[in-house]
Amino acid sequence: MEQLQHHGITGTVPKHVLSDNMKNFTAFPLSSPADDGFIHLLGKGICSFPNNCSMTFRINAPYHFFYVYEGTLSVTDEHHTCRLADRHAALLPISGPLTIEILKGRCHYFHMYISGLALLQFHTLLPSPLAYPTESSSMFTLFHTMEHLQNLQKDTFNDPLSVCRISMWITNILTEMAVYSGHPATRRDTIPDYLWEIHHLFDTQYGENYSLDELENTYSVSKYRICREFSKYYGASPVQYLNHKRIEEAKKLLLTTNDTIHEIGSKVGIHNTNHFINLFKRETGATPLAFKQDAPVSISELHYL
């Protein structure tokens, strides 16, 4: 299969917005047979649009995955139309021309182009679209796995094991969605109150200093139990979750302020600049400075303001 390309793009998207979004699109070569049992990533991109608009194009990818961070859009092929609002995900088989319409002002979403025999079974299991409420304990797992995929570069496929790794990540996302859709009771009432308090602290006071010993004393719960149960419900240890939150907030500050790298690190609770830079690169694949310089204008204007 030749490398993915968008063919015959038409619509009402402003040229500069289309250009920014195309820069965020990465196509990957299919390095092994399509029927080898793996799920293959053919292309992916983060898309941002400032206003209502639409675009129609053809692309040779049998399945498309969408996750909407913000806004509302509709996806239409020659057989179906699917409408997705914020915090909704969908796995869609696409045939013929694809039309994506932004319906309610600015919109920000993740789009994957994928193929693989297992996708037919996943499609039969999944409702389209699937809503992920903010109180879902699987939300962080979904986000964390999508970030792995978002950070992939073209040279990733030089490693033969990457096909296995990427297939595993996509399978994990779709399996998580299937399990959640079948058991939507994985909600707040199943998560211990003390974990919700720690989670809320990390989300709202991420700039503070925390230690497992302090959390153990505050909540009278063993730090080993805290780690075990936090990982169970949120898909990451307390330290991993807090670092992820801090880096997400740092990304916003990098794109919306002129603060120095040291100032931004301190604002999100990481006062050692070298540690901040190393952690940022580990999470995003780029240093803070490279992230700030390379980000398209549309991301800073639409997603973080």
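Residues numbered from 1 in each chain as written. Predicted model: local features only at pLDDT ≥ 70, side-chain atom pairs only at ≥ 80, totals over all residues. Heavy atoms only, no water.

Caption draft 1: Structural view of the nonpolar core. Counting 29 residues, the largest nonpolar core has Ile-198 and Phe-276 as the members making the most contacts within it. When residues of this core are traced back to their parent elements, those giving at least two are helix H5 (193-204), helix H6 (212-219), helix H7 (223-234), helix H8 (238-256) and helix H10 (273-284). Ranked by the residues each element gives to this core, the list is headed by H8, at 7 residues. Residues within four places of Ile-198 in sequence aside, it is in contact with Leu-215, Tyr-219, Ile-226 and Phe-230. (Core = buried A, V, L, I, M, F, W, Y, C linked by side-chain atoms within 4.5 Å. Buried < 20%, exposed > 50% of the residue type's maximum accessible area, 1.4 Å probe, protein only. Helix = DSSP H or I, 4+ residues; strand = E, 2+ residues; numbered from the N terminus. Contact = heavy atoms within 4.5 Å.)

Caption draft 2: Local environment of the pattern of salt bridges. Inspection of every chain in the model, using the stated rule, returns 8 salt bridges. Measuring nitrogen to oxygen at the nearest pair gives 3.5 Å for the salt bridge that ties Asp-86 to Arg-87. For Glu-229, the salt bridge goes to Arg-225, with nearest N and O atoms at 3.2 Å. One end of the pair is Glu-229 and the other is Arg-225, both in helix H7 and 4 residues apart, which spans about a single turn. (Salt bridge = Lys/Arg side-chain N within 4 Å of Asp/Glu carboxyl O.)

Caption draft 3: Up close: the sheet that holds strand E1 (residues 7-11). Spatially, 5 strands are ordered E1-E4-E9-E6-E7 in an open sheet, and the strand pairing comes out antiparallel. Each end of this open sheet is capped by a strand with a single partner; those strands are E1 and strand E7 (81-84). Looking at each pair of strands side by side, their axes are set apart by 15° on average, direction ignored. Inspection of the sheet shows E1 paired to strand E4 (residues 53-58) by 3 bridges, in the antiparallel sense. (Pairing = 2+ DSSP bridges. Axes fitted to C-alpha atoms, helices over the stretch in contact; angles between N-to-C directions.)

Caption draft 4: Up close: the pairing of strand E5 (residues 63-70). Here E5 lies mainly inside the structure; 6 of its 8 residues are buried. In this sheet, strand E8 (residues 88-93) lies alongside E5 in antiparallel orientation, the contact comprising 5 bridges. The residue bridging Tyr-63 from the neighbouring strand is Pro-93, located in E8. Strand direction decides the pairing type here: E5 and strand E10 (residues 107-115), joined by 7 bridges, are antiparallel. Residue pairing for E10: Tyr-67 is matched across the bridge by Phe-110.

Caption draft 5: Up close: the sheet that holds E8. Ordered by their spatial adjacency, 6 strands build an open sheet running E2-E3-E10-E5-E8-E11, and the pairing between neighbours is antiparallel. Both outer strands of the open sheet, strand E2 (26-27) and strand E11 (130-131), are each paired with one neighbouring strand and no more. One ladder, built from 2 bridges, connects E2 with strand E3 (residues 40-49); its direction is antiparallel. Bridge pairing in E3 links Thr-26 to Lys-44. In the packing of helix H2 (residues 118-125) onto the sheet, contacts are made with E5, E8 and E10, and the angle to E8 comes to roughly 130°.

Caption draft 6: Spatial organisation of the pairing of strand E6 (residues 73-76). In this sheet, E7 lies alongside E6 in antiparallel orientation, the contact comprising 4 bridges. In the strand pairing of E7, Ser-74 is matched with Arg-83. Counted between consecutive antiparallel strands, the loop separating E6 from E7 contains 4 residues. Pairing analysis gives 4 bridges linking E6 to strand E9 (residues 98-102), with the strands arranged antiparallel. Within E9, the residue paired with Ser-74 across the bridge is Glu-101.

Caption draft 7: Layout of the confidence of the model for the protein chain. Mean pLDDT over the protein chain: 85, with 88% of residues reaching 70 or higher. Considering only residues more than four positions removed or in separate chains, one finds that residues 297-305, a stretch of pLDDT under 50, has 26 contacts. (pLDDT = per-residue confidence, 0-100.)

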